[in-house]
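# Report on the structure
The residues making up each chain are set out below.
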Amino acid sequence: MTLTLLMLTPLVGALVLGVVPRTAERAAKTIAVGFSLAALVGALVMLAQYDVNEAGYQLTEKHLWIESFGVYYALGVDGIGVTLILLTTVLTPIVLLAAWDDVLPDGQRFHGYLAWMLGLEGLAIGVFSATDAALFYALFEATLIPIFFLIGTYGSGARTYAAVKFLIYNLVGGLLMLASIIGLYYFSGQAGDPSFLLSDLTGLDLDADVEKLLFLGFMAAFAIKAPLFPFHTWLPDAAASATPSTAVLMVSVIDKVGTFGMLRWGLGLFPGAAEWATPVVITLAVISVIYGALLAIGQDDLRRLIAFTSVSHFGFIILGLFAVTSTSTAGATFYMFNHGLSTAALFLIAGILIARRGSASIADFGGVQKVAPVLSGVFLIAGLSSLSLPGLAPFVSEFMVMAGTFTRYPVAAVVSVLGIVLAALYILVMYQRTMTGPLREDNADIRDLKPLEMASLAPAIVLIVGLGFFPQPLLNVINPAVDATLARIGAGDPAPQTPHYPMEAASKEEDQHGREGGHE
């Protein structure tokens, strides 16, 4: 399975949907799910071909694309890219099944709705595997188009405002990154032949001030995409206006491009500038953890609450990345995968509740577990995974981030613990207000999960529980790639601190004097 074929599979599916007759809605849904499952099979084949014992990028492809500028169509994956491609291909069939009964506004066709989702999947696979900076930028910006139309055309509420806000924020970040890419291309030409290839750009001898400026261009784009405080304000509006399936693809997949980019392109190309910026990034990450959690507590809209929990979780991920220890970086990468699963489950269940009740307000629910016990149980598992309960996958990744960060930035790690406490508060209060207590009369007609809805949610729940007890299969893929990345940027784990005990030291000194006296 080549990466090109894997990327083309959902893109071809999107094109096929364009020729399906307008009246064949069920056929369009079946075709979309079929192509997404084909992409998942392709990702599993890719995983089987990937050798965890081999350092560097694998499944590489390199073809000259724009000869006059030396731009290559270059693809390759390490364990980090493999993990995020796997997340993308797992979640896409889940959201397509969950969207089966979506009610679209203004009589919009399902064909376009599903085609944009498949197109987004293909572009995301390309972003996670691009090893040419120009190709990466092109795909990075291309992902904005499907999300813009998915929100602006098929969303609800202030969908046009949310779509335009999302687009403007991300376009500004992308233009700053483009300026840095052009700068890299220029300085690579000073050292030899100008190039956009990641392999040629890594290790460039740049002036310290130039490196800082180029790093800031990349970091601006990734901080907006991630989203990192204070560049996060587009996310709650977009999540509240998008359909549940669109929100999942946006937050669980595309926003990971930001944290993935920080690791592969930001830290990878500019280790010196990244070290210079680390105190500020660590501070912003900690603020994101606390600020996102506090705002989640104050939300009445289910979708906005989940969006703010993601701001908090992305703070943990960025904290782990910029702590640059093997444990924290591996934990942050694993967190990207686990956050995708738990947030997907939360958004989809919230979407089901909102569709059943006709309201997104938490205050309009109450006692739902009496009429929908299965829905309530799945919601509880998804919520507990979001607060990183031991035994569920996010706990492993969050623990790794905190343990690795503590060895280098103990104050940041300790302060971030407050985010874990607040997570328990916003999740449990949300669950208590929606699911428990007396059944409100308006909620008596809420139906439990249907078989198709259970089928769409089951894979995410199984993975959340399974990886909570047995995370090693995925960590075996992630750890070697993380070690190779840290080696490339010259980062290593801090030396273990040996405690100094005055009494023990005094005893050793007396013993040494005794031996010297005996020798004399």
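In this text the structure is predicted, and so the values were computed from the model without any measurement.

Definitions and limits used
- Residues numbered from 1 in each chain as written.
- Predicted model: local features only at pLDDT ≥ 70, side-chain atom pairs only at ≥ 80, totals over all residues.
- Heavy atoms only, no water.
- Phe/Tyr/Trp six-rings, centres within 6.5 Å; stacked < 30°, edge-to-face > 60°.
- Helix = DSSP H or I, 4+ residues; strand = E, 2+ residues; numbered from the N terminus.
- Buried < 20%, exposed > 50% of the residue type's maximum accessible area, 1.4 Å probe, protein only.
- Axes fitted to C-alpha atoms, helices over the stretch in contact; angles between N-to-C directions.
- Parallel < 35°, antiparallel > 145°, perpendicular 65-115°, else oblique.
- Left-handed = near helix turned anticlockwise from the far one by under 90°.
- Contact = heavy atoms within 4.5 Å.
- Polar contact = N/O pair within 3.5 Å; in protein donor to acceptor, adjacent residues only side chain to side chain.
- Patch = residues over 30% accessible without salt bridge, like charges linked within 9 Å, V, L, I, M, F, W, Y side chains within 5 Å.
- Areas by Shrake-Rupley, 256 points an atom, 1.4 Å probe, with all protein chains shown as cover.
- Salt bridge = Lys/Arg side-chain N within 4 Å of Asp/Glu carboxyl O.
- pLDDT = per-residue confidence, 0-100.
- Expected span 1.5 Å × (residues − 1).

## Details of the packing of aromatic side chains
Under the definition given, this model contains 19 aromatic pairs. Considering the side-chain rings of F110 and Y113, the 5.7 Å spacing of their centres and the 75° angle between planes classify their relative orientation as edge-to-face. Note that F110 and Y113 are positioned in helix α4 (residues 110–129) at a spacing of three residues, about one turn of the helix. Per residue, the accessibility class of F110 equals that of Y113, and both read buried. Measuring from ring centre to ring centre gives 6.1 Å for F218 and F222, while their planes differ by 50°; the resulting arrangement is tilted. Of this pair, F218 and F222 both sit in helix α9 (residues 208–225), four residues apart, roughly one helical turn. The class for F218 is buried, based on a relative accessible area of 1%. By the ring-pair criterion, three or more aromatic residues cluster together here, those being F136, F140, F215, F218, F222, W265 and F270.

## Looking at the packing of helix α2 (residues 25–49) against helix α3 (residues 79–98)
In contact at an axis separation of 9 Å, α2 and α3 are set at 160° when each is read in the N-to-C sense. For the element pair α2 / α3, the angle class is roughly antiparallel. Judged by the sense of rotation from one axis to the other, the crossing of α2 with α3 is left-handed. In contact with A32, V33, S36, L37, A39, L40, A43, L44, M46 and L47 of α2, α3 contributes V82, I85, L86, T89, V90, T92, P93, L96 and L97.

## Concerning helix α5 (residues 133–142)
Among the ten residues in α5, nine count as buried, and that is most of the element. Here α5 has its buried residues at A133, A134, L135, F136, Y137, L139, F140, E141 and A142. Measuring from the side-chain oxygen of the N-cap residue of α5 to the backbone nitrogen of A134 gives 2.9 Å; that N-cap residue is D132.

## Examining a nonpolar patch on the surface
A cluster of nonpolar side chains, namely V164, I168, V172 and L176, defines an oily patch on the protein surface of about 320 Å² accessible area. In this fold, V164 is placed in helix α7 (residues 159–191). Assessed through its relative accessible area of 35%, V164 is described here as partly exposed.

## Focus: the pattern of salt bridges
For the structure on display, the rule yields nine salt bridges. For R303, the salt bridge identified is with D301, shortest N-O distance 3.2 Å. For the pair shown, R303 and D301 are each scored as buried. With a closest N to O distance of 2.7 Å, R356 and E453 form a salt bridge. Of this pair, R356 sits in helix α15 (residues 326–357) while E453 sits in helix α19 (residues 451–469), and the two are 97 residues apart along the sequence. Residues participating in the shared-partner salt-bridge network are K165, D237 and R304.

## Considering the confidence of the model for the chain
Summary statistics for the chain give a mean pLDDT of 89 and a share of 95% for residues scoring 70 or more. Confidence, expressed as mean pLDDT per element, reaches its minimum in the chain at helix α21 (residues 502–519) with 48 and its maximum at α3 with 95. In the model, residues 514–520 has pLDDT below 50 throughout and makes zero contacts with residues more than four positions away in sequence or in other chains.

## A short note on helix α18 (residues 410–435)
Over its 26 residues, α18 extends 38 Å from the first C-alpha to the last, a length consistent with the 38 Å expected when each residue adds 1.5 Å. Within the span of α18, buried status applies to A412, A413, S416, G419, L422, A423, Y426, I427, M430, Y431, T434 and M435. Looking at the buried residues of α18, the elements they touch are α13 (271–297), α14 (302–323), α15, α16 (373–386) and α17 (393–406). Within two residues after α18, G437 carries a phi angle of roughly 85°, on the positive side.

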